[in-house]
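Below are the chains, spelled out letter by letter.
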Amino acid sequence: MERTMIKDVFEKSKKNVVLRGWVYDSRDLSKVRFVVLKDVSGRIQITGIQGKTDAQVFKLMKNIPKESAIEVVGRVEKSDKAPGGKEILPESIKIIAQAESPLPIDVSDFSKTELPKRLDYRFLDLHRPKIQAIFKIQSNLMQGFREFMIKEGAIECQFPEIIGSSSEGGTDLFEIKYFEKKAYLSQSCQLYKQMLVCSMEKVFAIFPTWRSEKHNTVRHLNEARQFDYEQGFADDKIVMDVLGRCVQYMVGKVIDENSDELKLLDVKLKVPKIKYLTFEKTNKLLEEKGVEIDERDLSGEAEKKLDELYPDTIVFVHDWPMKGKPFYIMPKDEKADAELSNGFDAIYKGMEVSSGGQRIHLPELLIKRLKAKGLNPKDFKSYIDSFRYGAPEHAGWGLGVERLTQVLLGLNNIREAVLFPRDRDRLSP
Ligand code: ATP
Ligand code: MG
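Keep in mind that this is a model prediction, so the values were computed, not measured.

(A) Region of interest: the nonpolar core. Ranked by internal contacts, the top residues of the largest apolar core, which has 46 residues, are Phe145, Met149, Phe227, Tyr348, Trp397, Leu404 and Leu409. With residues up to four places along the chain from it excluded, the contact list for Phe145 reads Phe204, Ala205, Ile206, Phe227, Asp228, Cys246, Met250 and Trp397. Formed by 17 residues, the second largest nonpolar core is a distinct cluster that contains Leu37, Ile64, Val72 and Ile88.

What follows is the structure, given as C-alpha coordinates:
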(Lines give C-alpha, C1' and ligand atoms only; values in the text may rest on other atoms or scores of the structure.)
(Ligands and ions follow the chains in the order given, each with its own letter.)
Protein backbone atom coordinates (compact mmCIF):
# COMPACT_ATOMS: atom_id res chain seq x y z
CA MET A 1 0.00 0.00 0.00
CA GLU A 2 1.15 3.53 -0.76
CA ARG A 3 2.05 5.95 2.00
CA THR A 4 -0.61 8.49 3.00
CA MET A 5 0.31 11.91 4.36
CA ILE A 6 -1.41 12.74 7.66
CA LYS A 7 -3.10 15.85 6.26
CA ASP A 8 -4.85 13.64 3.70
CA VAL A 9 -6.24 11.39 6.43
CA PHE A 10 -8.23 14.41 7.61
CA GLU A 11 -8.99 15.96 4.25
CA LYS A 12 -9.83 12.86 2.21
CA SER A 13 -11.93 9.83 3.04
CA LYS A 14 -9.54 6.96 3.51
CA LYS A 15 -10.14 3.65 5.27
CA ASN A 16 -6.84 1.81 5.46
CA VAL A 17 -3.59 3.72 5.48
CA VAL A 18 0.16 3.41 5.77
CA LEU A 19 1.60 6.38 7.65
CA ARG A 20 5.25 7.23 8.15
CA GLY A 21 6.49 9.87 10.52
CA TRP A 22 7.87 10.63 13.95
CA VAL A 23 6.55 9.98 17.44
CA TYR A 24 5.58 13.34 18.90
CA ASP A 25 4.29 12.02 22.18
CA SER A 26 2.86 8.91 23.77
CA ARG A 27 0.62 8.23 26.71
CA ASP A 28 -0.05 5.03 28.56
CA LEU A 29 -3.39 4.76 30.36
CA SER A 30 -2.68 1.06 30.91
CA LYS A 31 -5.73 -0.26 28.99
CA VAL A 32 -5.50 2.37 26.29
CA ARG A 33 -2.26 3.62 24.76
CA PHE A 34 -1.86 6.67 22.56
CA VAL A 35 0.95 7.57 20.21
CA VAL A 36 0.81 10.96 18.52
CA LEU A 37 2.38 10.61 15.11
CA LYS A 38 3.56 13.58 13.04
CA ASP A 39 4.85 14.01 9.54
CA VAL A 40 5.65 17.20 7.68
CA SER A 41 1.93 17.72 6.92
CA GLY A 42 0.34 17.27 10.35
CA ARG A 43 -0.35 15.13 13.41
CA ILE A 44 -2.70 12.27 14.23
CA GLN A 45 -3.50 10.10 17.21
CA ILE A 46 -2.80 6.36 17.04
CA THR A 47 -4.96 4.56 19.57
CA GLY A 48 -4.14 1.11 20.95
CA ILE A 49 -6.77 -0.73 22.99
CA GLN A 50 -5.92 -3.70 25.17
CA GLY A 51 -7.63 -6.83 23.94
CA LYS A 52 -8.60 -5.22 20.66
CA THR A 53 -5.24 -4.11 19.23
CA ASP A 54 -2.77 -6.86 18.30
CA ALA A 55 -0.90 -7.76 21.52
CA GLN A 56 2.58 -7.21 20.02
CA VAL A 57 1.56 -3.82 18.67
CA PHE A 58 -0.03 -2.83 21.97
CA LYS A 59 3.13 -3.81 23.81
CA LEU A 60 5.34 -1.86 21.45
CA MET A 61 3.20 1.27 21.92
CA LYS A 62 4.24 1.46 25.57
CA ASN A 63 7.67 2.87 25.04
CA ILE A 64 8.75 4.11 21.68
CA PRO A 65 11.19 6.96 22.38
CA LYS A 66 10.03 10.41 21.27
CA GLU A 67 11.02 11.50 17.76
CA SER A 68 11.67 7.92 16.61
CA ALA A 69 10.71 7.38 12.97
CA ILE A 70 8.01 4.75 12.63
CA GLU A 71 5.59 3.24 10.14
CA VAL A 72 2.00 2.63 11.14
CA VAL A 73 -0.43 0.51 9.14
CA GLY A 74 -3.98 0.90 10.36
CA ARG A 75 -7.62 1.78 9.98
CA VAL A 76 -8.99 5.33 10.04
CA GLU A 77 -11.83 5.80 12.54
CA LYS A 78 -13.95 8.80 13.32
CA SER A 79 -13.56 9.88 16.94
CA ASP A 80 -15.07 12.75 18.87
CA LYS A 81 -12.31 12.70 21.42
CA ALA A 82 -9.32 12.62 19.06
CA PRO A 83 -7.87 15.97 17.91
CA GLY A 84 -9.16 16.67 14.41
CA GLY A 85 -11.97 14.11 14.80
CA LYS A 86 -10.11 11.09 13.44
CA GLU A 87 -7.73 8.49 14.84
CA ILE A 88 -5.87 5.42 13.64
CA LEU A 89 -6.43 1.95 15.02
CA PRO A 90 -3.09 0.29 14.32
CA GLU A 91 -2.67 -3.14 12.74
CA SER A 92 1.09 -2.99 12.73
CA ILE A 93 3.81 -0.61 13.86
CA LYS A 94 7.36 -0.80 12.62
CA ILE A 95 10.24 1.18 14.07
CA ILE A 96 12.17 2.65 11.16
CA ALA A 97 14.77 4.51 13.23
CA GLN A 98 14.74 4.66 16.99
CA ALA A 99 15.71 8.01 18.51
CA GLU A 100 18.23 8.08 21.33
CA SER A 101 16.74 9.05 24.63
CA PRO A 102 16.65 11.47 26.34
CA LEU A 103 16.67 14.07 23.57
CA PRO A 104 19.33 16.76 24.04
CA ILE A 105 16.72 19.53 23.62
CA ASP A 106 13.00 19.75 24.20
CA VAL A 107 11.21 19.73 20.84
CA SER A 108 7.66 19.75 22.16
CA ASP A 109 5.25 22.60 21.46
CA PHE A 110 6.04 23.90 24.94
CA SER A 111 9.80 23.88 24.55
CA LYS A 112 11.61 26.58 26.48
CA THR A 113 15.07 25.64 25.23
CA GLU A 114 17.06 28.81 24.56
CA LEU A 115 18.12 29.76 21.03
CA PRO A 116 21.88 29.00 21.25
CA LYS A 117 21.20 25.47 22.49
CA ARG A 118 18.51 25.01 19.84
CA LEU A 119 20.95 26.10 17.17
CA ASP A 120 23.54 23.62 18.45
CA TYR A 121 20.93 20.96 17.67
CA ARG A 122 19.27 22.72 14.73
CA PHE A 123 18.62 19.37 12.98
CA LEU A 124 16.49 18.35 15.96
CA ASP A 125 15.00 21.80 16.47
CA LEU A 126 13.51 21.38 13.00
CA HIS A 127 11.38 18.53 14.32
CA ARG A 128 9.15 21.30 15.67
CA PRO A 129 6.32 22.29 13.30
CA LYS A 130 6.60 25.89 14.44
CA ILE A 131 10.24 26.04 13.37
CA GLN A 132 9.47 24.30 10.10
CA ALA A 133 6.78 26.91 9.48
CA ILE A 134 9.42 29.67 9.33
CA PHE A 135 11.29 27.88 6.59
CA LYS A 136 8.19 26.82 4.67
CA ILE A 137 7.29 30.51 4.53
CA GLN A 138 10.83 31.49 3.58
CA SER A 139 10.77 28.92 0.80
CA ASN A 140 7.56 30.46 -0.48
CA LEU A 141 9.06 33.95 -0.33
CA MET A 142 11.89 32.74 -2.56
CA GLN A 143 9.39 31.09 -4.87
CA GLY A 144 7.34 34.31 -4.97
CA PHE A 145 10.43 36.37 -5.76
CA ARG A 146 11.22 34.13 -8.72
CA GLU A 147 7.65 34.15 -10.00
CA PHE A 148 7.42 37.93 -9.78
CA MET A 149 10.78 38.50 -11.45
CA ILE A 150 10.07 36.12 -14.30
CA LYS A 151 6.76 37.91 -14.94
CA GLU A 152 8.69 41.20 -15.03
CA GLY A 153 10.86 39.73 -17.78
CA ALA A 154 14.02 39.48 -15.66
CA ILE A 155 16.62 36.74 -16.11
CA GLU A 156 17.86 34.71 -13.16
CA CYS A 157 21.65 34.78 -12.94
CA GLN A 158 24.37 33.08 -10.93
CA PHE A 159 27.37 35.13 -9.95
CA PRO A 160 30.84 34.21 -8.66
CA GLU A 161 31.18 33.86 -4.90
CA ILE A 162 34.97 34.13 -4.92
CA ILE A 163 36.40 37.44 -6.01
CA GLY A 164 39.92 38.75 -6.56
CA SER A 165 39.33 42.18 -5.05
CA SER A 166 36.66 44.09 -3.22
CA SER A 167 33.92 45.21 -5.58
CA GLU A 168 32.45 47.67 -3.11
CA GLY A 169 35.55 49.05 -1.49
CA GLY A 170 34.40 47.56 1.77
CA THR A 171 36.85 46.48 4.41
CA ASP A 172 34.77 43.71 5.92
CA LEU A 173 35.82 40.98 3.55
CA PHE A 174 36.66 37.40 4.44
CA GLU A 175 40.04 36.59 2.97
CA ILE A 176 40.67 33.12 1.59
CA LYS A 177 43.63 31.31 0.05
CA TYR A 178 43.14 30.73 -3.67
CA PHE A 179 46.10 28.61 -4.77
CA GLU A 180 49.06 31.01 -4.54
CA LYS A 181 46.88 34.11 -4.48
CA LYS A 182 44.70 35.95 -1.99
CA ALA A 183 41.01 35.98 -2.76
CA TYR A 184 37.83 37.02 -0.93
CA LEU A 185 34.31 35.80 -0.35
CA SER A 186 31.82 38.00 -2.12
CA GLN A 187 30.12 40.79 -0.17
CA SER A 188 27.58 41.40 -2.90
CA CYS A 189 27.03 40.77 -6.59
CA GLN A 190 26.97 44.52 -7.22
CA LEU A 191 29.58 44.68 -9.96
CA TYR A 192 28.33 41.58 -11.75
CA LYS A 193 24.70 42.55 -11.88
CA GLN A 194 25.69 45.99 -13.13
CA MET A 195 27.77 44.43 -15.90
CA LEU A 196 24.86 42.24 -16.93
CA VAL A 197 22.21 44.94 -17.26
CA CYS A 198 24.46 46.59 -19.82
CA SER A 199 23.33 43.81 -22.15
CA MET A 200 20.55 41.73 -20.57
CA GLU A 201 18.56 44.71 -19.17
CA LYS A 202 16.84 43.02 -16.21
CA VAL A 203 18.51 40.45 -13.97
CA PHE A 204 17.84 38.91 -10.59
CA ALA A 205 19.47 36.48 -8.18
CA ILE A 206 19.16 35.01 -4.74
CA PHE A 207 22.73 35.55 -3.75
CA PRO A 208 24.70 34.57 -0.61
CA THR A 209 26.94 37.28 0.79
CA TRP A 210 29.65 37.29 3.43
CA ARG A 211 30.64 40.17 5.67
CA SER A 212 33.33 39.84 8.29
CA GLU A 213 31.79 42.53 10.49
CA LYS A 214 32.54 41.66 14.09
CA HIS A 215 29.18 42.81 15.37
CA ASN A 216 26.93 40.49 17.27
CA THR A 217 23.45 41.89 16.80
CA VAL A 218 19.95 40.46 16.40
CA ARG A 219 19.75 41.78 12.82
CA HIS A 220 23.12 40.87 11.32
CA LEU A 221 24.64 37.61 10.16
CA ASN A 222 28.11 37.05 8.74
CA GLU A 223 26.64 34.94 5.98
CA ALA A 224 23.33 36.18 4.62
CA ARG A 225 21.36 35.90 1.42
CA GLN A 226 19.95 38.67 -0.71
CA PHE A 227 17.17 39.01 -3.21
CA ASP A 228 19.04 41.03 -5.82
CA TYR A 229 17.63 42.97 -8.75
CA GLU A 230 19.15 45.28 -11.35
CA GLN A 231 17.57 46.98 -14.35
CA GLY A 232 19.06 48.81 -17.35
CA PHE A 233 17.58 52.04 -18.74
CA ALA A 234 16.16 52.72 -15.29
CA ASP A 235 16.56 55.10 -12.36
CA ASP A 236 15.85 54.85 -8.64
CA LYS A 237 12.14 55.70 -9.06
CA ILE A 238 11.61 52.80 -11.42
CA VAL A 239 13.31 50.20 -9.24
CA MET A 240 11.61 51.41 -6.04
CA ASP A 241 8.32 50.74 -7.79
CA VAL A 242 9.54 47.26 -8.79
CA LEU A 243 10.65 46.56 -5.21
CA GLY A 244 7.32 47.70 -3.77
CA ARG A 245 5.30 45.52 -6.12
CA CYS A 246 7.69 42.62 -5.62
CA VAL A 247 7.34 42.60 -1.83
CA GLN A 248 3.57 43.04 -2.15
CA TYR A 249 3.46 40.00 -4.42
CA MET A 250 5.66 37.90 -2.11
CA VAL A 251 3.65 38.80 1.00
CA GLY A 252 0.36 38.23 -0.84
CA LYS A 253 1.53 34.77 -1.84
CA VAL A 254 2.45 33.91 1.75
CA ILE A 255 -0.95 35.13 2.98
CA ASP A 256 -2.70 33.00 0.34
CA GLU A 257 -0.63 29.85 0.63
CA ASN A 258 0.79 29.70 4.16
CA SER A 259 -2.27 30.23 6.33
CA ASP A 260 -1.48 27.11 8.41
CA GLU A 261 2.08 28.24 9.05
CA LEU A 262 1.07 31.83 9.85
CA LYS A 263 -1.48 30.51 12.32
CA LEU A 264 1.09 28.29 13.97
CA LEU A 265 3.39 31.28 14.35
CA ASP A 266 0.50 33.50 15.45
CA VAL A 267 1.33 36.06 12.77
CA LYS A 268 -1.24 38.20 11.01
CA LEU A 269 0.08 39.62 7.77
CA LYS A 270 -1.25 42.34 5.51
CA VAL A 271 -0.07 43.17 2.01
CA PRO A 272 2.02 46.31 2.68
CA LYS A 273 1.15 49.78 1.50
CA ILE A 274 3.84 51.94 -0.09
CA LYS A 275 5.05 55.35 1.08
CA TYR A 276 7.71 57.58 -0.46
CA LEU A 277 9.55 60.09 1.71
CA THR A 278 12.74 62.04 1.10
CA PHE A 279 15.52 61.63 3.65
CA GLU A 280 15.05 65.27 4.61
CA LYS A 281 11.31 64.93 5.13
CA THR A 282 11.80 61.72 7.07
CA ASN A 283 14.21 63.41 9.45
CA LYS A 284 11.84 66.35 9.95
CA LEU A 285 9.03 63.98 10.82
CA LEU A 286 11.24 62.01 13.19
CA GLU A 287 12.66 65.13 14.83
CA GLU A 288 9.14 66.27 15.62
CA LYS A 289 8.66 62.94 17.38
CA GLY A 290 11.80 63.50 19.43
CA VAL A 291 14.03 61.03 17.63
CA GLU A 292 17.71 61.89 17.48
CA ILE A 293 18.83 62.52 13.91
CA ASP A 294 21.95 61.34 12.12
CA GLU A 295 22.90 63.27 9.00
CA ARG A 296 23.89 60.23 6.95
CA ASP A 297 21.82 57.30 8.17
CA LEU A 298 18.65 56.26 9.98
CA SER A 299 19.17 54.82 13.45
CA GLY A 300 17.41 51.70 14.70
CA GLU A 301 15.20 53.97 16.77
CA ALA A 302 14.32 56.02 13.69
CA GLU A 303 13.39 52.88 11.77
CA LYS A 304 11.11 51.75 14.62
CA LYS A 305 9.44 55.15 14.75
CA LEU A 306 8.72 55.01 11.03
CA ASP A 307 6.84 51.78 11.60
CA GLU A 308 4.72 53.47 14.28
CA LEU A 309 3.97 56.32 11.90
CA TYR A 310 3.31 54.07 8.92
CA PRO A 311 2.34 50.58 10.06
CA ASP A 312 2.21 47.78 7.48
CA THR A 313 3.92 50.07 5.00
CA ILE A 314 7.14 49.87 3.04
CA VAL A 315 8.62 53.32 3.50
CA PHE A 316 11.02 54.29 0.73
CA VAL A 317 13.40 56.89 2.11
CA HIS A 318 14.97 58.37 -1.02
CA ASP A 319 17.19 61.28 -2.01
CA TRP A 320 19.64 59.92 0.55
CA PRO A 321 22.70 62.08 1.36
CA MET A 322 25.77 61.12 -0.68
CA LYS A 323 27.76 60.84 2.57
CA GLY A 324 25.71 57.84 3.63
CA LYS A 325 25.88 55.89 0.37
CA PRO A 326 28.62 53.88 -1.35
CA PHE A 327 30.73 55.32 -4.18
CA TYR A 328 28.74 53.65 -6.95
CA ILE A 329 25.45 55.43 -6.12
CA MET A 330 24.49 58.12 -8.62
CA PRO A 331 24.66 61.67 -7.24
CA LYS A 332 21.60 63.83 -7.92
CA ASP A 333 21.62 65.26 -11.43
CA GLU A 334 24.88 63.41 -12.18
CA LYS A 335 26.84 66.13 -10.33
CA ALA A 336 29.94 64.79 -8.61
CA ASP A 337 29.65 67.31 -5.78
CA ALA A 338 25.90 66.93 -5.19
CA GLU A 339 24.83 66.65 -1.55
CA LEU A 340 22.06 64.19 -2.31
CA SER A 341 22.00 60.92 -4.21
CA ASN A 342 19.63 58.74 -6.16
CA GLY A 343 19.99 56.15 -3.41
CA PHE A 344 17.30 54.86 -1.08
CA ASP A 345 16.57 52.52 1.78
CA ALA A 346 13.33 50.61 2.23
CA ILE A 347 12.12 50.43 5.83
CA TYR A 348 9.46 47.88 6.67
CA LYS A 349 8.11 46.87 10.06
CA GLY A 350 10.75 48.86 11.88
CA MET A 351 13.86 47.74 10.05
CA GLU A 352 15.86 48.38 6.92
CA VAL A 353 15.02 45.52 4.57
CA SER A 354 16.63 46.86 1.42
CA SER A 355 19.07 49.40 0.03
CA GLY A 356 19.22 50.42 -3.57
CA GLY A 357 19.48 53.23 -6.03
CA GLN A 358 20.60 54.40 -9.38
CA ARG A 359 24.23 53.50 -10.09
CA ILE A 360 26.94 55.52 -11.78
CA HIS A 361 27.31 54.38 -15.39
CA LEU A 362 29.70 57.22 -16.37
CA PRO A 363 33.38 56.21 -16.02
CA GLU A 364 34.69 59.72 -15.34
CA LEU A 365 32.09 60.38 -12.67
CA LEU A 366 32.85 56.99 -11.11
CA ILE A 367 36.55 57.90 -10.88
CA LYS A 368 35.68 61.21 -9.18
CA ARG A 369 33.41 59.48 -6.70
CA LEU A 370 35.98 56.82 -5.88
CA LYS A 371 38.55 59.51 -5.14
CA ALA A 372 36.05 61.44 -3.03
CA LYS A 373 35.58 58.30 -0.90
CA GLY A 374 39.35 57.98 -0.51
CA LEU A 375 39.56 54.92 -2.79
CA ASN A 376 42.08 54.35 -5.54
CA PRO A 377 40.48 54.12 -9.01
CA LYS A 378 43.35 51.84 -10.09
CA ASP A 379 41.95 49.18 -7.77
CA PHE A 380 38.65 49.34 -9.67
CA LYS A 381 39.97 49.39 -13.23
CA SER A 382 37.88 46.55 -14.65
CA TYR A 383 34.77 47.83 -12.84
CA ILE A 384 35.23 51.27 -14.41
CA ASP A 385 36.13 49.83 -17.83
CA SER A 386 32.96 47.78 -17.89
CA PHE A 387 31.04 51.03 -18.40
CA ARG A 388 33.02 52.20 -21.45
CA TYR A 389 31.11 50.19 -24.04
CA GLY A 390 27.52 51.31 -24.19
CA ALA A 391 26.49 51.26 -20.54
CA PRO A 392 23.01 52.74 -20.10
CA GLU A 393 21.82 54.36 -16.88
CA HIS A 394 20.71 51.62 -14.51
CA ALA A 395 19.47 50.96 -10.99
CA GLY A 396 18.79 48.12 -8.60
CA TRP A 397 18.51 46.90 -5.04
CA GLY A 398 19.33 44.14 -2.58
CA LEU A 399 16.66 42.87 -0.20
CA GLY A 400 17.78 40.70 2.72
CA VAL A 401 16.24 37.22 2.61
CA GLU A 402 16.65 36.60 6.33
CA ARG A 403 15.93 40.23 7.24
CA LEU A 404 12.62 40.13 5.33
CA THR A 405 11.70 36.80 6.93
CA GLN A 406 12.56 38.24 10.33
CA VAL A 407 10.38 41.34 10.04
CA LEU A 408 7.45 39.55 8.41
CA LEU A 409 7.29 36.90 11.09
CA GLY A 410 8.18 39.23 13.95
CA LEU A 411 11.22 37.15 14.95
CA ASN A 412 13.29 38.70 17.72
CA ASN A 413 16.55 37.39 16.37
CA ILE A 414 17.61 37.05 12.72
CA ARG A 415 19.20 33.71 13.61
CA GLU A 416 15.66 32.32 13.79
CA ALA A 417 15.32 33.11 10.09
CA VAL A 418 18.30 31.10 8.85
CA LEU A 419 18.63 27.34 9.00
CA PHE A 420 22.29 27.20 9.94
CA PRO A 421 23.48 30.66 11.04
CA ARG A 422 27.01 31.86 10.59
CA ASP A 423 27.74 34.54 13.14
CA ARG A 424 30.73 35.82 15.10
CA ASP A 425 30.90 32.65 17.17
CA ARG A 426 29.08 29.99 15.19
CA LEU A 427 30.48 27.83 12.40
CA SER A 428 28.66 24.65 13.19
CA PRO A 429 26.43 22.80 12.51
P1 ATP B 1 22.34 47.52 7.99
O2 ATP B 1 22.32 49.03 7.91
O3 ATP B 1 21.09 46.92 8.50
O4 ATP B 1 23.57 47.00 8.66
P5 ATP B 1 23.47 47.58 5.35
O6 ATP B 1 22.99 48.91 4.91
O7 ATP B 1 24.86 47.42 5.79
O8 ATP B 1 22.46 46.99 6.46
P9 ATP B 1 23.21 46.64 2.62
O10 ATP B 1 24.60 46.56 2.16
O11 ATP B 1 22.41 47.79 2.23
O12 ATP B 1 23.17 46.49 4.22
O13 ATP B 1 22.50 45.25 2.23
C14 ATP B 1 21.23 45.14 1.64
C15 ATP B 1 20.27 44.39 2.53
O16 ATP B 1 20.79 43.13 2.94
C17 ATP B 1 19.97 45.10 3.84
O18 ATP B 1 18.97 46.06 3.66
C19 ATP B 1 19.52 43.96 4.72
O20 ATP B 1 18.19 43.58 4.42
C21 ATP B 1 20.41 42.83 4.28
N22 ATP B 1 21.63 42.73 5.10
C23 ATP B 1 22.70 43.54 5.07
N24 ATP B 1 23.64 43.16 5.93
C25 ATP B 1 23.17 42.06 6.53
C26 ATP B 1 23.69 41.18 7.53
N27 ATP B 1 24.90 41.37 8.05
N28 ATP B 1 22.92 40.14 7.92
C29 ATP B 1 21.71 39.94 7.37
N30 ATP B 1 21.17 40.73 6.43
C31 ATP B 1 21.87 41.77 6.01
MG1 MG C 1 21.77 49.42 3.43
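(B) Up close: the site of ligand 1. Surveying the vicinity of ligand 1 reveals 14 residues, the closest of which are His220, Leu221, Glu352, Val353 and Ser355. In this structure, an oxygen atom belonging to ligand 1 sits 3.0 Å away from a side-chain N or O atom of Arg211. A distance of 2.6 Å is found between an oxygen atom of ligand 1 and a side-chain nitrogen or oxygen belonging to Glu352. Contact with the protein chains covers 81% of the free accessible surface of ligand 1, which is 590 Å². Those elements that place two or more of their residues in the shell around ligand 1 are β11 (223-232), β15 (351-358) and β16 (394-400). Taken together, the residues that form the shell around ligand 1 break down as 4 nonpolar, 6 polar and 4 charged.

(C) Structural context of the side chain of Glu402. Position of Glu402 relative to the elements: it lies in helix α13 (residues 401-409). A distance of 2.8 Å separates polar atoms of two side chains, one belonging to Glu402 and the other to Arg225.

(D) Region of the structure containing the coordination of the magnesium ion (ligand 2). Around the magnesium ion (ligand 2), the protein supplies Glu352 (OE) and Ser355 (OG) as donor atoms, at distances of 2.1 to 2.3 Å. Looking at Glu352, the relative accessible area reads 22%, which means it is partly exposed. Classification of Ser355 by relative accessible area gives partly exposed; the value is 29%.

(E) Quick look at the pairing of strand β14 (residues 343-348). The buried count for β14 comes to 6 of 6 residues, which makes it a mostly enclosed element. Side chains Gly343, Asp345 and Ile347 of β14 all project onto a buried face; the interleaved residues Phe344, Ala346 and Tyr348 project onto the opposite face, where all are buried too. Note: strand β13 (residues 313-318) against β14, 4 bridges, orientation antiparallel. In the strand pairing of β14, Val315 is matched with Ile347. Bridge analysis of β14 against β15 gives 6 bridges, and the strand direction is antiparallel. Among the inter-strand pairings, Gly343 is bridged to a residue of β15, identified as Gly357.

(F) Spatial organisation of the domain arrangement of the chain. Taken domain by domain, the chain consists of domain 1 (6-97) and domain 2 (129-417). With centres defined by C-alpha atoms, the gap from domain 1 to domain 2 works out at 48 Å.

(G) Quick look at the sheet that holds strand β4 (residues 69-78). Judged by pairing direction, the barrel is mixed, and its 5 strands sit side by side in the order β1-β2-β3-β5-β4 before closing back on the first. Here the strands of the sheet are splayed against their neighbours by 50° on average, with no regard to which way each runs. Where strand β2 (residues 32-39) meets strand β3 (residues 42-49), 8 bridges bridge the pair, whose relative direction is antiparallel. Residue pairing for β3: Val35 is matched across the bridge by Ile46.

(H) Quick peek at the layout of surface pockets. Here the second largest pocket is characterised by a volume of approximately 750 Å³. Residue lining of the second largest pocket: 23 residues in total, with Val40, Ser41, Gly42, Pro129 and Leu264 positioned closest to the centre. Secondary structure elements with two or more residues in the lining of the second largest pocket: β2, β3, α5 (129-152) and α8 (259-264). For the lining of the second largest pocket, the class distribution of residues is 7 nonpolar, 4 polar and 12 charged. The two domains that each donate at least three residues to the lining of the second largest pocket are domain 1 (6-97) and domain 2 (129-417).

Calculation notes
Residues numbered from 1 in each chain as written. Chains lettered and ligands numbered in written order. Predicted model: local features only at pLDDT ≥ 70, side-chain atom pairs only at ≥ 80, totals over all residues. Heavy atoms only, no water. Core = buried A, V, L, I, M, F, W, Y, C linked by side-chain atoms within 4.5 Å. Buried < 20%, exposed > 50% of the residue type's maximum accessible area, 1.4 Å probe, protein only. Contact = heavy atoms within 4.5 Å. Near = heavy atom within 4 Å. Polar contact = N/O pair within 3.5 Å; in protein donor to acceptor, adjacent residues only side chain to side chain. Areas by Shrake-Rupley, 256 points an atom, 1.4 Å probe, with all protein chains shown as cover. Helix = DSSP H or I, 4+ residues; strand = E, 2+ residues; numbered from the N terminus. Nonpolar A, V, L, I, M, F, W, Y, C, P; charged D, E, K, R; others polar. Donors = N, O, S within 2.8 Å, 3.2 Å for Na, K, Ca; no water. Pairing = 2+ DSSP bridges. Domains from an automatic or database assignment. Axes fitted to C-alpha atoms, helices over the stretch in contact; angles between N-to-C directions. 1 Å grid on protein atoms, 1.4 Å probe; cavity = no way out; pocket = protein on both sides within 12 Å on 5 of 7 lines; lining within 4 Å. Points joined across faces, edges and corners; volume = space filled by probe spheres on them.

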